[in-house]
Amino acid sequence: MLKYVRNRLILLIPVLLGITFLSFALLSFTAADAVDMKYDQAGIEVSEQVKTAARAKLGLDQPFLVQYANWLGKLVRGDMGTSYISGKNVFATFCSKLPNTILLAVSAMTVTLLVSLPLGIYSALHKDKLGDRLILVGSFLGNSLPNFFAALLLILIVSVKLQWLPITAGTGWQGLILPTLTLSLAMSSRYIRQIRSVVLTEMGKSYVLSAHMRGISKRTIFYKSLLHIVLLNVITLMALSLGSLLGGTAIVETIFMWDGVGKMAVDAINMRDYPIIQVYVVWLSIIYICMNLAADLLYHLVDPRIKEVN
Amino acid sequence: MHNTGKKLLALLFVAMCIAGCGGSKNATTNREKVFTYGTIAYGPQHNDVGLNPHEGYSGWSTVRYGVGETLFKFDDAMEPRYWLAQSMEHVNAKTLKITLKDNITFSNGRKLDGQAVKECLEDLLKVHDRASGDLKIAKIDAQGQDVIITTKTPLPALINYLSDPYAAIIDMQAGVTADKKVIGTGPFIAEKVSDSEIELVKNSKYWEKPVKVDKVHVKAIHDSDTLTMAMQSGELDAAQGLPYSSLELFAKDKNSYQVLTEDTSRTFLATMNFLSPVLQNLYVRQAIAMGIDKANFTKVLLKGNGTTAIGPFPTGMAFGDFKVFASKFDLVGTRKLLESAGWKDTDGDGYLDKDGENLTIRWLTYPGRAELPLLAETVQATLKQAGIKVVVNSTANFRDFLKRGEWDIYANAMVTAPTGDPEYFFTTMALEKSALNRGKYVNPKLDALEAKLSQEFDKNKRANIAVQMEQQILNDVAFIFVAHLKMPFVMKKIVTGFRPHPSDYYEITADLDKDF
Amino acid sequence: MRKISVTTKLKFYSALAIGVILISCFAKWLVPFDPNAQNLSIALMVPNGTHWLGTDMYGRDMLSRIIMGAQTSVLATLFLVCLVSVLGTLLGVFSAYKGGAWDTVCMRMADVCVAFPGLVFAIALASVLGGGILNAVLALTIISWPKYARLARGQALVQLEQDFVKAARLDGTTGFKLLWRFIFPNILDTMLVTALLDFGTLLMELAGLSFLGLGAMPPTAEWGAMLSKGRSMIQTSPWTVLGPGLAIFLAVAIFNLWGEAMRDYFDPNLKRGSRNA
């Protein structure tokens, strides 16, 4: 088992190298660079001499292979560089925003599970009854409503009309509520349908029917043998969801001014701020690989029948 | 029972004390005036984080939020007026002597004198590439309250550039803190600076007049809908950067809000690509110019938050729109022009063609400024009526297409006179060697006029030459100017002393006040 | 509640879904007004007798634009959904079946695609290939396939351990035949439901790339773009947003229910007609 984990984690290094190289390479194809973004602000046009000098200072006039090699060299010595735009230390900037993203991710995931597990199971066990239909409509609504829209409506109702929560609450617990609800709404809709679908599939299987005919109630059958199948599916979903949550949801962070790494990353990508992009990409790689690994291990734990292919 | 009674009495006594203390505090001291201001313009993506004017565009933050001031400031007609300076003298074509006012101190008590200005400007020139390129300063001398600036070549627009926020005067000896706070001469002092919030307290030693508001809280909100709703919920006292479509929510509630707007020189313009075969013919360019319904665009799509443009500068300026002439929106005239250029609809598909090819224009623009794609779509519709096929490419990657030459018309938003001086537009965009002459427009007459302008110090004569240059580029249809934007501020009714400025540089001032 | 048979349900939702697809295909002939005809003097009109859903900011008829929008929104999104789910499922199932090096390579490639910020990829693609709907679909396919691959692989691994599959293998059934007869049918329902659940998300993601020029270009009507562009007007001209929003909701609901009906009909473990559990 440990050997398996170690083998997977070793793969982290080539993946990291591949991804950081790719992100450098791909962005260098585009005509714009950080200097363009820095100076083309607010409609002011700046002369080429100024920009050329600025590029030389940042090393942006070198071919991208040289730039990448330089970045790699500094990374090995523990220096992740400074932002092309703000000049601030990239690692420090990243670390100051990461806790916010983690907080939001955990809270959204928790609320989603608390809502979708009971509702999804209830919906399946009471298929086609009124409760199921209501949950169905609700989940379609949540699923077809894009993130920014749900956010907009929530703010409009909760902050503007009802005045229950301030919008500009920053990153305290008050400011956590609305973004969590926004994210949970979309995620729950999906989870509920997925869970319902899995339960229904399993409930229809012959061994369940035969148990039912022998007089065992649906509920008992469910809890005794189906729960772990549900968990298996939920685990896969969670791995992907947590991965994207921990990468930061830029739209939600922007709307609620939640100071996380999602918005930081999108701003950096749009501004071609390579040092920040690289730190973000490294973070993403680490979490996705770890999430996938955790999911695969949990899979194996929950259902030992699944042999992990090496 | 006895014990419980005592405890209860003690509790009651304590409670009364607390209530009494709280109450008396409210009764005897005045409530603190806190002004909460939401803006879209502060943040890393605008390169204006922090209050150090020698860094990027942060000077805008220094001046906007009342921390720093420049030697000269712009009035509503974008003319430089004295601010920290009280008089000046042109010693010769390359040397300017500026005398500072005598009663000004920095917020830390240091007196503002020539030496302080010299230290600040020298650091600016050393560190800030845009400033050193603009100011072309050879050396600076200080004598008491005088500052003597010598430029490398005669620079008529020196005062205008000294009004740019990067030239805000800060105390270099106090320096810049790690979180980018500085000491300036302005009505407010920064207490906390982050990349999304600034907290300011009043400078009780402010030189010009008493400051009325005790605290200012600047909050950056980058989502325009969030900004709108924060204003509606009452959390903000004022907001800058609201989308035009939200303004009516506040304009119609005259009891709670007021909306103030001001013309700016931020202009929507379309650049013609002179390397494009389709646009070689003057008639075609003229036809396109006549096929754009500027008036309706401004009225309907900008919701009146702009003025129809003729030339690059708005009417409020001495060399503005009222002095130049361009043809009006006229679809019939468009057809006639195109016909005389040889374009006819021979295959009946609604588009004019010649030699088997439809008259197609590639319109390149970007969605970063929400109204530019609106312009693109409405132009597409009106030019379609004229028989021209417009293919719209609205992308954040517009530089790629510019570089590859894959465009016929490039539409963007630009501040055409950021320092109130007309020369900047031409040297940047319209001369043969202009760095940003993307369409490769060349007219020797224009270059000759610029040579004259660069040597001319008299303001009126400068305006005249500028007008001639404007008319030239309009006659050549090198650019089509569509609209000059207005900038709106929304604020609660109780706020006074707060209004937008054409330059976009001045926002929080000592005049700011908030009734209760 | 009267129990409806699985077959009837399938027929009903199929009819609805095909109806939506037909509307998308024949939109051009179904619109009451030219969806691209601008008339600034009647911009932002409240819904009335002539314009049932009002007009947008250019004075274009909203109803016509929503019908026309189906063409891009529904067809392009369906195409994307099919492409992504089929590709992902195939790769996932093969990984589970083959195991070993193939599995490692495939899944690590999936890791890279998922961990790599899609925005960077989209920017680069838009820069090199230009804009348009097809490039948008391409970008999103490459960004989104890993999810289906992972899900399919997980499901397939479970199926491969089932006794009846093991029996079949012992019997000599291998390769494609095995996958086709034993694996795919059993994972079809989950994959189908997941794919159709993503219809709404992928539609909005298609719209989300429009700032790079990827996606429908003006004046083409597209629901996601209408929703995004109209969001600032939700308080002042809500019909410009509610119309496309409702259209998206209906499309999502119809396709999801269709998927469910198909799942119910094709589920080999369920006896038809005995849905009354």
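Note that residues are indexed from 1 along each chain, following the sequence as it is written. Naming scheme: in the order in which they are written, chains are lettered from A and ligands are numbered from 1. Whole-chain, interface and lining totals are the exception, using all residues; otherwise, since this is a predicted model, local features are given only for residues with pLDDT of at least 70 and side-chain atom pairs are given and counted only at 80 or more.

1. Remarks on the interface of chain A and chain C
And then number 1: Two residues qualify as a contact pair if the distance between their C-beta atoms, derived from the backbone, is within 7 Å. Tallying the contact residues gives 46 residues for chain A and 44 residues for chain C.
And then number 2: Under the scheme used here, helices are H or I runs from DSSP no shorter than 4 residues and strands are E runs no shorter than 2 residues, and both carry numbers assigned from the N terminus. Elements represented by at least two residues in the side of chain A that touches chain C include exactly helix H2 (12–28), helix H7 (130–144), helix H8 (147–161), helix H9 (173–203), helix H11 (218–246), helix H13 (261–270) and helix H14 (274–302) of chain A.
And then number 3: Under this grouping Gly is polar, as are all residues other than the nonpolar Ala, Val, Leu, Ile, Met, Phe, Trp, Tyr, Cys and Pro and the charged Asp, Glu, Lys and Arg. Looking at the side of chain A that touches chain C residue by residue, the class counts come to 26 nonpolar, 14 polar and six charged.

2. A short note on the domain arrangement of chain B
Residues and elements named next belong to chain B.
And then number 1: Boundary definitions for the domains trace back to an automatic or database domain assignment. Under the domain assignment used here, chain B contains domain 1 (34–256 + 493–514) and domain 2 (263–486).
And then number 2: Here the C-alpha centroids of domain 1 and domain 2 sit 33 Å apart.
And then number 3: Taken together, the contact pairs 18 residues of domain 1 with 18 residues of domain 2.
And then number 4: Split into classes, the residues belonging to the side of domain 1 that touches domain 2 amount to twelve nonpolar, three polar and three charged.

3. Thoughts on helix H5 (residues 118–129) of chain C
And then number 1: By this rule the span expected of a helix is its residue count minus one, scaled by 1.5 Å. Taking 1.5 Å per residue as the helical rise, H5 of chain C with its twelve residues ought to reach 16 Å, and the 16 Å between its terminal C-alpha atoms agrees with that figure.
And then number 2: With C-beta atoms placed from the backbone, the exposure class of a residue follows from how many other C-beta atoms lie within 10 Å of its own: 20 or more, buried; 12 or fewer, exposed; in between, partly exposed. The set of residues buried in H5 of chain C consists of Val-120, Ala-122, Ile-123, Ala-124, Leu-125, Ala-126 and Ser-127 of chain C.
And then number 3: Looking at the buried residues of H5 of chain C, the elements they touch are H2 and H13 of chain A, helix H12 (398–404) of chain B together with helix H6 (133–160) of chain C.
And then number 4: Just downstream of H5 of chain C, Gly-130 of chain C is the residue with a positive phi angle, here 90 degrees.

4. As for the environment of Leu-232 of chain A
And then number 1: Looking at where Leu-232 of chain A falls in the secondary structure, it is placed in helix H11.
And then number 2: Along the primary structure Leu-232 of chain A and Ala-295 of chain A are separated by 63 residues, whereas in three dimensions their C-alpha atoms are 8.9 Å apart.

5. Quick notes on the interface of chain C and chain B
And then number 1: Contacts between chain C and chain B engage 21 residues on the former and 24 residues on the latter.
And then number 2: Classifying every residue of the side of chain C that touches chain B gives twelve nonpolar, eight polar and one charged.

6. Concerning the sheet that holds strand E6 (residues 137–143) of chain B
Where strands meet in a sheet, backbone hydrogen bonds hold them as pairs that are either parallel or antiparallel.
All names here are of chain B.
And then number 1: Should DSSP find at least two bridges between two strands, the strands are taken to pair. The four strands lie next to each other as E4-E5-E7-E6, forming an open sheet whose pairing is antiparallel. With partners counted over all chains shown, the strands left at the sheet margins are strand E4 (85–92) and E6, one partner each. The sheet shows a mean angle of 20 degrees between the axes of neighbouring strands, direction not considered.
And then number 2: Relative to the sheet, helix H3 (residues 114–127) contacts strand E5 (95–100), E6 and strand E7 (146–151), its axis offset from that of E6 by approximately 160 degrees. In this description, a line fitted to the C-alpha atoms serves as the axis of each element, helices being fitted only across the stretch in contact, and the angle between N-to-C directions of two axes falls anywhere from 0 to 180 degrees.

7. Some thoughts on the packing of helix H9 (residues 223–230) of chain C against helix H10 (residues 239–266) of chain C
Residue and element names in this part refer to chain C.
And then number 1: Axis separation between H9 and H10 bottoms out at 9 Å; the angle between their running directions is 145 degrees. Here H9 runs over H10; the crossing is left-handed. Residues Trp-223, Met-226, Leu-227 and Gly-230 of H9 pack against Thr-240, Val-241, Pro-244, Gly-245, Ala-247 and Ile-248 of H10.
And then number 2: Here the contact of H9 with H10 is composed, by residue class, of seven nonpolar, three polar and no charged. Working rule for handedness: look at the near helix, and if it is turned counterclockwise from the far one by less than a right angle, call the crossing left-handed; if clockwise, right-handed.

8. Side note on the confidence of the model for chain C
Residue and element names in this part refer to chain C.
And then number 1: Values of pLDDT, which run from 0 to 100, indicate the predictor's confidence residue by residue. Residues at a pLDDT of 70 or more form 95% of chain C, whose mean pLDDT is 85.
And then number 2: Residue range residues 271–277 is modelled with pLDDT below 50. Its contacts to residues more than four positions away, or to other chains, number six contacts.
And then number 3: Both confidence scores are given for the complex: pTM 0.87, ipTM 0.85.

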